[in-house]
Amino acid sequence: MFSDEDSRYMLEAIEEAKGGAAEVGEVPIGAVVVCNGEIIGRGSNRKNTGKSALKHAEIIAIEDASSKIGDWRLDECSLYVTLEPCLMCAGGRSFMLGFAMLFSERQSQNSVELSH
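1. Quick word on the confidence of the model for the protein
The pLDDT averaged across the protein works out to 81; a share of 78% of its residues lies at or above 70. Every residue in residues 108-116 is under pLDDT 50, and counting partners more than four places away or in other chains gives 20 contacts.

2. Points about the pairing of strand β3 (residues 78-81)
Going residue by residue along β3, you find S78 and Y80 tucked away on one face and L79 and V81 tucked away on the opposite face as well. In terms of strand pairing, strand β1 (residues 30-35) meets β3 through 4 bridges, oriented antiparallel. Residue pairing for β3: V33 is matched across the bridge by L79.

3. Thoughts on the side chain of H56
The residue H56 is located in the loop between β2 (38-44) and α2 (57-69) in this model. A relative accessible area of 14% means that H56 is categorised as buried. When sequence neighbours within four positions are dropped, the list of residues in contact with H56 reads N45, K47, C86, M88 and C89.

So, how was this worked out
Residues take numbers from 1 onward in each chain, read along the sequence in its written order. Per-residue local features of the predicted model are confined to residues with pLDDT of at least 70, and side-chain atom pairs are confined, for both listing and counting, to 80 or more; whole-chain, interface and lining totals are unaffected and use all residues. Heavy atoms throughout the structure, all of them, feed into the side-chain values; hydrogens and water do not. Each residue carries a pLDDT value, the predictor's own confidence for that position, ranging from 0 to 100. Residue contacts are counted whenever heavy atoms from the two residues lie within 4.5 Å of one another. Each residue gets one of three labels from its accessible area relative to the maximum for its type: buried under 20%, exposed over 50%, partly exposed in between, using a 1.4 Å probe on protein chains only. Starting at the N terminus, helices and strands are each numbered in turn, a helix being any DSSP run of H or I of at least four residues and a strand any DSSP run of E of at least two. Only strands joined by at least two bridges in the DSSP assignment are considered to pair.

Laid out in structure tokens, this is it:
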């Protein structure tokens, strides 16, 4: 169950999906990275417009956060994403100490079971 704070950040991820991906005809998936109560990274699905299978919302949000703090380590941060992550995105999370991943919807294929 999400806390009020988790719900607030998940709504931000939903806005990324609606305002970012959906507006340009992408599958509406959004993500935000939160550290110390502040959103430090945002991303929305861009696989078609970016012409890359790697342009998942989670990866874009993680890259955005890393560039803002100047480090690839996102220790003690959380990723909020509107859809259960694929194996690639879940794997990206495994390199970050204390990094929590929360998602709002399960997908039926290409998904992975996560715990935090």
